[in-house]
Amino acid sequence: MNSARTLFEKIWDDHLVRPETESNPAVLYVDLHLVHEVTSPQAFAELRSRGARVRRPELTLATMDHSTPTTPRAAGRLQVLDTQAAAQLEQLETNCEEFGIQLFGLDDSRQGIVHVIGPEQGLTQPGMTIVCGDSHTSTHGAFGALAFGIGTSEVGYVLATQTLLQRKPRNMEIRIDGVLPPGVTAKDIILAIIAKIGIGGATGSVLEYTGSAIRSLGMEERMTICNMSIEAGARAGLIAPDDTTIDYIAGRPFAPAGAAWAAAVARWSQLVSDDEAQYDRSVHLDATSLAPMITFGTNPSMAIPIDGRVPDPAAAGSGAERTDLDKALRYMALEPGQPLLGRAVDVVFVGSCTNSRISDLRQAAAVMRGRHVAPGVRMLVVPGSRNVKSEAEAEGLDRVFMEAGAEWREAGCSMCIAMNGDQLQPGQSAVSTSNRNFEGRQGKGGRTFLASPLTAAATAVTGAIADIRALS
Amino acid sequence: MKPLTSLTSSCVVLNAANVDTDQIIPARFLKTVERHGLGAYLFADWRLDGQGRTRPDFPLNAPDAGGAAILVAGHNFGCGSSREHAPWALLDFGFRAVISTGFADIFRNNALKTGLLPVTLPASAHRALLEQLSESPRAPVTIDLEAQAAILPDGTPHRFPIDPFARHCLLNGVDELGFLLGQDSAIAAYESTHSSPVCTR
Ligand code: SF4
């Protein structure tokens, strides 16, 4: 028997309370449960109605991000959008208090988007299982943690038992070798991968990203890649930990210290796929040939190189794919064969759990420095956490953005999800560094073009979709 | 969770691929702390126009859509966000089953846990179903969970896959929490040999 295992299999095996049988899924133990205001209230209500307690409150962390306002604080306070959002935020406070859960609330300096704060605090570590009632939990896989999104029922199960019933997913390798050309970032890699394998191309699978191009990326770039694994339908995305990972974790508030640190590093170094390990499928990509990518349609797989042309649905035959493309172009008000370069936009959004970390803001600021947001364009820059915000302010990035005419906002999900007051108006177009371009995602009737922070900044100063490589 | 053993109903056909959960229920309706009453927002931006009037051309608004408990959808239904509000909204609207050639993972999990049955048919059977429904839109389809079969209007049965445990839960109207709470000693045994890597306090 081949005893070689992939990274995924090692983490999976290590968290089995009970292995799966034909009649029962596996009982899988959860090391860290992240909670936010939108997908948890009904789970806490269920616990209450059953008289259940939270089994391991100390393995649970809550924050506020989705319905959180990002308008600059007036007299130190945030102005919550409406009474419904306020009630939801209050409910999370009540629930955390009643069940003894640590909450990074609106007044906590550690508050931020759930997938930004876990890694930032050193809570996300290699080899862990991490879940959250949020599909972009895949972000944490950048550290070699098995991290995936769950629904509200499952949030309740994890609160009550710290476990989940799971069937073992398939395991797929995405190998990316080569050196990234200038102007091409992690966001472009993941958009190219999704375009290649399709929006449902990884359904039922855990992805492991390997190859020299991945190894050369920093942790924040790796998070950008793992973050969007779900946009190809994947259960999770994984990158094996290495020195880059260890250096990033060292010294963070919840990272192991002293003797525990050495023991942890020794454990983490075992977390690689064995040479002989088998994946169910492997896909290869050459980084050298990549260009900056941008989406043109209404799901993240509808992406092209920035200097490309909108595809012709007729070329996709007559099936569902053609209908899908036709519908997308109609919604986006685009014609087949049209270039995207030079298409005017109303809004540029830099933020979200995909691209709101300090390195993303530094990239955008480098483009904005000494330039100005084009007339008629609104640019929002929204740091992923309050920590990212202070770090950026200490470096003077806030001034760069504001002097360029952009809005510098408070931390939160903001315009990634139109439920906190930040949103597009019907018919408006935006270049966004977020992860979803679904119809209405950024506001009813709004049109989203997903791209990297570099492309977003280049577009903001140009006033129309622009190629960072051509910006003088 | 309401048990589901067998169901015979007319269908509504929404034959678009990759219908994401932001369409099933837009994010602005997620500011609720309740799980009921979300049917009013199901497909809100497709079902209603900018003025809040029903769009007559949307399948859910068709005169003969009323009372249908089965939604026939396109491939990769429910992709995107993990919001369980999506199956809640479908259930609240009156659906008990969705037929497709494939579902996104989290949506399928959520559906099974809330009593909405995702039925995956092979492409040929799905196509046959669509053809039969275009000829007689009110024709009934039976979904027999006991037998794991969908019976098309012309009487042909098609077996569909479902996890045996999820099937047991649906047939009996029980959720997984009872089972997991019953694993207490196994969980405690695991905890005694595996120390937690982090503490959030
Ligand atoms: S930033 Fe967007 S994708 Fe990320 S957690 Fe918030 S709403 Fe979800």
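Please refer to the structure higher up on the page.
Report on the accompanying structure. (Residues numbered from 1 in each chain as written. Chains lettered and ligands numbered in written order. Predicted model: local features only at pLDDT ≥ 70, side-chain atom pairs only at ≥ 80, totals over all residues. Heavy atoms only, no water.)

With respect to the sheet that holds strand β12 (residues 281-286) of chain A
Residues and elements named next belong to chain A. Reading across from one edge, β11-β10-β9-β12 is the order of the 4 strands in this open sheet, with parallel pairing throughout. For this open sheet the edge positions go to β11 (236-238) and β12, each flanked by a neighbour on one side alone. On average, each strand axis in the sheet is inclined to that of its neighbour by 20°, with strand direction left out of account. The sheet contact formed by strand β10 (residues 205-210) and β11 spans 3 bridges and is parallel. The partner of glutamate 208 across the bridge, within β11, is leucine 238. (Pairing = 2+ DSSP bridges. Helix = DSSP H or I, 4+ residues; strand = E, 2+ residues; numbered from the N terminus. Axes fitted to C-alpha atoms, helices over the stretch in contact; angles between N-to-C directions.)

Some words on the nonpolar core
Most often, soluble globular proteins keep nonpolar side chains buried together rather than apart. If you look at the biggest cluster of nonpolar residues, it comprises 90 residues, and the most contacted ones within it are Ile174, Ile176, Ile193 and Tyr209 of chain A. Broken down by element, the residue count for this core peaks at 8 residues, all from helix α6 (residues 186-197) of chain A. In this structure isoleucine 193 of chain A touches Ile174, Ile176, Tyr209 and Leu285 of chain A, once residues within four positions along its chain are discounted. Counting residues in hydrophobic clusters, the runner-up holds 85 residues, among them Ile25, Ala44, Ala65 and Ala68 of chain B. (Core = buried A, V, L, I, M, F, W, Y, C linked by side-chain atoms within 4.5 Å. Buried < 20%, exposed > 50% of the residue type's maximum accessible area, 1.4 Å probe, protein only. Contact = heavy atoms within 4.5 Å.)

Describing the interface of chain A and chain B
On the side of chain B, 57 residues touch chain A, which itself brings 74 residues to the contact. Summed over both partners, the interface of chain A with chain B buries about 5600 Å², with 55% contributed by carbon and sulfur atoms. The three residues of chain A that bury the most area against chain B are Gln42, Tyr157 and Lys444 of chain A, which together make up 12% of that side's buried surface. Counting every contact that joins chain A to chain B gives 10 salt bridges. The salt bridge partner of aspartate 175 of chain B is arginine 50 of chain A, with a shortest N-O separation of 2.3 Å. Counting every contact that joins chain A to chain B gives 27 residue pairs in polar contact (both at pLDDT 80 or more). (Buried area = accessible area lost by both parts, 1.4 Å probe. Salt bridge = Lys/Arg side-chain N within 4 Å of Asp/Glu carboxyl O. Polar contact = N/O pair within 3.5 Å; in protein donor to acceptor, adjacent residues only side chain to side chain.)

Looking at empty space enclosed by the protein
Residues and elements named next belong to chain A. All told, the structure shown has 4 cavities of 30 Å³ or more when counted by the stated rule. Counted as a void, the largest cavity has a volume near 220 Å³. Residue lining of the largest cavity: 24 residues in total, with His66, Asp134, His136, Ile417 and Arg441 positioned closest to the centre. Residue composition of the lining of the largest cavity, grouped by class: 9 nonpolar, 11 polar and 4 charged. When its volume is computed, the second largest cavity comes out at roughly 120 Å³. (1 Å grid on protein atoms, 1.4 Å probe; cavity = no way out; pocket = protein on both sides within 12 Å on 5 of 7 lines; lining within 4 Å. Points joined across faces, edges and corners; volume = space filled by probe spheres on them. Nonpolar A, V, L, I, M, F, W, Y, C, P; charged D, E, K, R; others polar.)

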